[in-house]
Amino acid sequence: MGETPEAGAAAASETAAQRPILRVLGGEALSPPPAWMMRQAGRYLPEYRAVRAEAGSFLDLCYNPDFAAEVTLQPIRRFGFEAAILFSDILVVPHALGQDVRFVEGEGPRLDPLAGRAEFEALKDAGDPAVMDRLAPVFATVARLRRDLPDETTLLGFCGAPWTVASYMIGGRGTPDLAPSRALAAADPALVDALIDRLVTVSTDYLVRQLAAGADAVQIFESHAGALPAVPPGEAGDALERWSFRPVARMIAGIRARVPGAKVIVFARGSGLEGHARVPEATGADAVGVDWAVDLAALRARLPAHVVTQGNLAPETLIAGGPALDAAVDAILAATRGTPHIFNLGHGITPQTPIAHVERMLARLRG
């Protein structure tokens, strides 16, 4: 007789539990720590550039499960990272809501700015089935990846945090100081609240569906946390709490209401030592993504021993390579020894990074 569905599910669950990154997300300290890199599927790899040229537009690449799965798998084949992160983009969510999104070669994303209530009212409602229908190719990619990845490799889904995505929607592009989104938040905070609420609902559903399709855990990218100056927690004017941490906490609670025990990493880039230290309690995240500017040893001293950290290696140090890279890897290992940590960069890998330096980093890490 063949294996029953229940037995197959139990075996799959046991296999998942042994994946090193899931073990760390469960609070286990591993030596050496497992590793992956933000933007690990990307322009520093010649095989990625070949697929990108074949795919056409960047959004075509994101929405084609054949291409998106292939570029997600490329760094796993080449480097043996312990996690694969779904290849997509945080701006597929506003695209699914009906905002025009396009990627200009050499310049990055461009959106029709959400300058006021008229543009907000033109967006699709959070419950409109067309929103998740537009994102269906992403879920197909996740399912394909879970099938094709090695059993020991954790599959990470992701999305942008509501404040970060809203900032792109309002500004129409990435801006150095996020002046358009901060100005709208000052002029019409109720409108920004409404936009954040819609993004919380849609992004929660988006991550739940990624988990249902086969993702083992998810990461929420708050790439623009640094534009929200923190004041002492609970005081009036704590913009980081209002616009970032509280909406992310609502997302995580909503995810776990539908996927009990779901593992979530939160990366609040630019929020400083204080902001990073607040992430676990303020959001409910299982792991704190640590940007390159934070003193990792000082952060670990602020966090309970069971809290998971991830990241911190400066992308520029990876570009430099050599003894500086070796020393930086050693410093991260020393700062996190005996605590649950996932080795990663403190921001995404850049296109000019030599592949040999990634190999050297992993050799140093793995001993």
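Remember, it's a predicted structure, so these values are computed and weren't measured experimentally.

### Considering the overall build of the protein chain
And then number 1: Looking only at helices and strands, the protein chain features 18 helices and 9 strands.
And then number 2: Computed over C-alpha atoms, the radius of gyration of the protein chain comes to 20 Å, within 12% of the 21 Å expected from 2.2 N^0.38 for 367 residues, which places it in the range of a compact globule.
And then number 3: When its C-alpha atoms are laid out on the principal axes, the protein chain stretches across 55 × 55 × 40 Å.
And then number 4: Here the protein chain, with 367 residues, has 56% of them falling under the buried criterion.
And then number 5: Counted over contacts in the protein chain with a minimum sequence separation of 6, partners at least 24 positions apart contribute 71%.

### Looking at the confidence of the model for the protein chain
And then number 1: Of the residues in the protein chain, 94% reach a pLDDT of 70 or more, and the chain-wide mean stands at 93.
And then number 2: pLDDT under 50 marks residues 1-11. Its contacts with residues more than four places away, or in other chains, come to 1 contact.

### Looking at the UniProt feature "site: Transition state stabilizer" (unreviewed entry) in the protein chain
And then number 1: Annotation from UniProt places "site: Transition state stabilizer" (unreviewed entry) at Asp89.
And then number 2: When you line up the elements, aspartate 89 lands in the loop between strand E1 (83-85) and helix H6 (92-96).
And then number 3: Judged by relative accessible area, which is 17%, aspartate 89 ranks as buried.
And then number 4: For aspartate 89, the contacting residues outside a window of four places in its chain are Phe58, Cys62, Phe103 and Phe158.
And then number 5: Only 2.9 Å separates the side chain of aspartate 89 from the backbone nitrogen of leucine 91, close enough to count as a polar contact.

### Quick look at helix H10 (residues 162-171)
And then number 1: Of all 10 residues that make up H10, 10 are buried, and the element is covered over most of its length.
And then number 2: Looking at H10, one finds that the buried residues are Pro162, Trp163, Thr164, Val165, Ala166, Ser167, Tyr168, Met169, Ile170 and Gly171.
And then number 3: Just downstream of H10, glycine 172 is the residue with a positive phi angle, here 80°.

### What about the packing of aromatic side chains?
Working definition: an aromatic ring pair is given by the centre-to-centre distance plus the angle between the planes.
And then number 1: For the coordinates displayed, the defined rule picks out 9 aromatic pairs.
And then number 2: Summarising the aromatic geometry, the rings of phenylalanine 58 and phenylalanine 103 are spaced 4.6 Å apart at their centres and angled 50° between planes, so their arrangement reads as tilted. With phenylalanine 58 in helix H4 (residues 58-63) and phenylalanine 103 in strand E2 (residues 101-104), this pair connects stretches of sequence that are 45 residues apart.
And then number 3: Phenylalanine 58 sits in the buried class, given a relative accessible area of 14%.
And then number 4: We classify phenylalanine 103 as partly exposed; its relative accessible area is 25%.
And then number 5: Considering the side-chain rings of phenylalanine 221 and phenylalanine 267, the 6.3 Å spacing of their centres and the 85° angle between planes classify their relative orientation as edge-to-face. A residue pair is termed long-range when its members are at least 10 positions apart, and phenylalanine 221 in strand E5 (residues 217-222) and phenylalanine 267 in strand E6 (residues 264-268) qualify at 46 residues. Like phenylalanine 221, the residue phenylalanine 267 is buried in the burial classification.
And then number 6: Taken together, Tyr48, Phe58, Phe87 and Phe103 form an aromatic cluster joined through their ring pairs.
And then number 7: Seen from the ring of tyrosine 63, arginine 134 lies directly overhead, with NZ or CZ sitting 3.9 Å from the centre.

### Quick look at the layout of surface pockets
And then number 1: The calculated volume of the largest pocket comes to roughly 1300 Å³.
And then number 2: Around the largest pocket sit 37 residues that line it, and Arg39, Arg43, Phe58, Asp89 and Phe103 are the ones nearest its centre.
And then number 3: Counting only elements with at least two residues in the lining of the largest pocket, the list comes to helix H3 (46-55), E2 and strand E3 (108-111).

### Looking at the packing of helix H17 (residues 322-336) against helix H18 (residues 355-366)
And then number 1: Orientation of H17 relative to H18, taken along the N-to-C sense of each, is 40°, at an axis distance of 10 Å. Between H17 and H18, the crossing angle belongs to the class labelled oblique. Between H17 and H18 lies a crossing of right-handed hand. For the pair H17 and H18, contact is made by Gly322, Pro323, Leu325, Asp326, Val329, Asp330 and Leu333 and by His357, Arg360, Met361, Arg364 and Leu365, respectively.
And then number 2: Split into classes, the residues belonging to the contact of H17 with H18 amount to 6 nonpolar, 2 polar and 4 charged.

### Description of the sheet that holds strand E9 (residues 341-342)
And then number 1: If you walk across this open sheet you meet the 7 strands as E1-E4-E5-E6-E7-E8-E9, and the pairing is parallel. Looking along the sheet, the strands with just one partner apiece sit at the ends: E1 and E9.
And then number 2: Where E1 and strand E4 (residues 154-160) come together, 3 bridges link them in parallel fashion. Within E4, the residue paired with isoleucine 85 across the bridge is leucine 156.

Calculation rules
Residues numbered from 1 in each chain as written. Predicted model: local features only at pLDDT ≥ 70, side-chain atom pairs only at ≥ 80, totals over all residues. Heavy atoms only, no water. Helix = DSSP H or I, 4+ residues; strand = E, 2+ residues; numbered from the N terminus. Rg over C-alpha atoms; globule rule 2.2 N^0.38 Å. Buried < 20%, exposed > 50% of the residue type's maximum accessible area, 1.4 Å probe, protein only. Contact = heavy atoms within 4.5 Å. pLDDT = per-residue confidence, 0-100. UniProt positions renumbered as here; feature names shortened; annotations may be inferred. Polar contact = N/O pair within 3.5 Å; in protein donor to acceptor, adjacent residues only side chain to side chain. Phe/Tyr/Trp six-rings, centres within 6.5 Å; stacked < 30°, edge-to-face > 60°. Lys NZ or Arg CZ within 6 Å of the ring centre and 35° of its normal. 1 Å grid on protein atoms, 1.4 Å probe; cavity = no way out; pocket = protein on both sides within 12 Å on 5 of 7 lines; lining within 4 Å. Points joined across faces, edges and corners; volume = space filled by probe spheres on them. Axes fitted to C-alpha atoms, helices over the stretch in contact; angles between N-to-C directions. Parallel < 35°, antiparallel > 145°, perpendicular 65-115°, else oblique. Left-handed = near helix turned anticlockwise from the far one by under 90°. Nonpolar A, V, L, I, M, F, W, Y, C, P; charged D, E, K, R; others polar. Pairing = 2+ DSSP bridges.

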